[in-house]
Amino acid sequence: MAEPRHRYSTVSLTLHWGIALLLVAQILLVSDANTDGPDARMWVGLHKSVGLSILILTLARLGWRIANPAIPLPPGTPTWQRIAARTSHVLFYAVLIILPLTGWLASSAAGRDIAWFGLFDWPLLPIGGGRDTARALMSVHHALPKLLYVLVAIHVLAALKHQFIDRDNVLRRMIPFIPRRP
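Figured I'd write up the structure that's included with this text. (Residues numbered from 1 in each chain as written. Predicted model: local features only at pLDDT ≥ 70, side-chain atom pairs only at ≥ 80, totals over all residues. Heavy atoms only, no water.)

We now examine the pattern of salt bridges. Under the definition given, this model contains two salt bridges. Asp-132 is the salt-bridge partner of Arg-135, the closest N and O atoms lying 3.1 Å from each other. Here the residue Arg-135 and the residue Asp-132 both occupy positions in helix α5 (residues 130-166), the gap between them amounting to three residues, near one helical turn. Owing to a relative accessible area of 58%, Asp-132 belongs among the exposed residues under this scheme. A salt bridge links Lys-161 to Asp-166; the nearest nitrogen and oxygen atoms lie 2.5 Å apart. A relative accessible area of 31% means that Asp-166 is categorised as partly exposed. (Salt bridge = Lys/Arg side-chain N within 4 Å of Asp/Glu carboxyl O. Helix = DSSP H or I, 4+ residues; strand = E, 2+ residues; numbered from the N terminus. Buried < 20%, exposed > 50% of the residue type's maximum accessible area, 1.4 Å probe, protein only.)

With a phi angle near 50°, Arg-167 is a residue other than glycine that sits in the positive phi range. Tracing the sequence through the fold places Arg-167 in the segment after α5. With a phi angle near 70°, Asn-169 is a residue other than glycine that sits in the positive phi range.

Laid out in structure tokens, this is it:
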């Protein structure tokens, strides 16, 4: 019988924290200070590159997660918490895929090139509709961060609850330097 896992793999940790850092970068990149002014185009271009990177890493993380299932929650975790955890993770994946995808689709509809970190031109998707379609897609793109903020808040609060109230080593799975409790 295999020994139970007590933490996630290095790949899982790297993808989790890498995506988290890129999300923080996205918030900073689209601040009002960066989207107004002479350098706005540069900041928006960087925002697009980081967003597409998040899309790629999220798809990689989803593939890794399918191949390497999550560590089970501790025994005795109430059913509603298990359902909430599963639902929030599914919503995370959905938002982290749909958010950059809507940006990519909007750029494609408007015919706006995407230079991925200035290294090469990212291919535009074959979508028509021009500015009207791009505006509709950007409405979705602008609404989704609010859901993402709520999911992040719930995720962090749940992790802190597990660490300080339940004291069940769940947080240690994603932050290995936290000492293991007996």
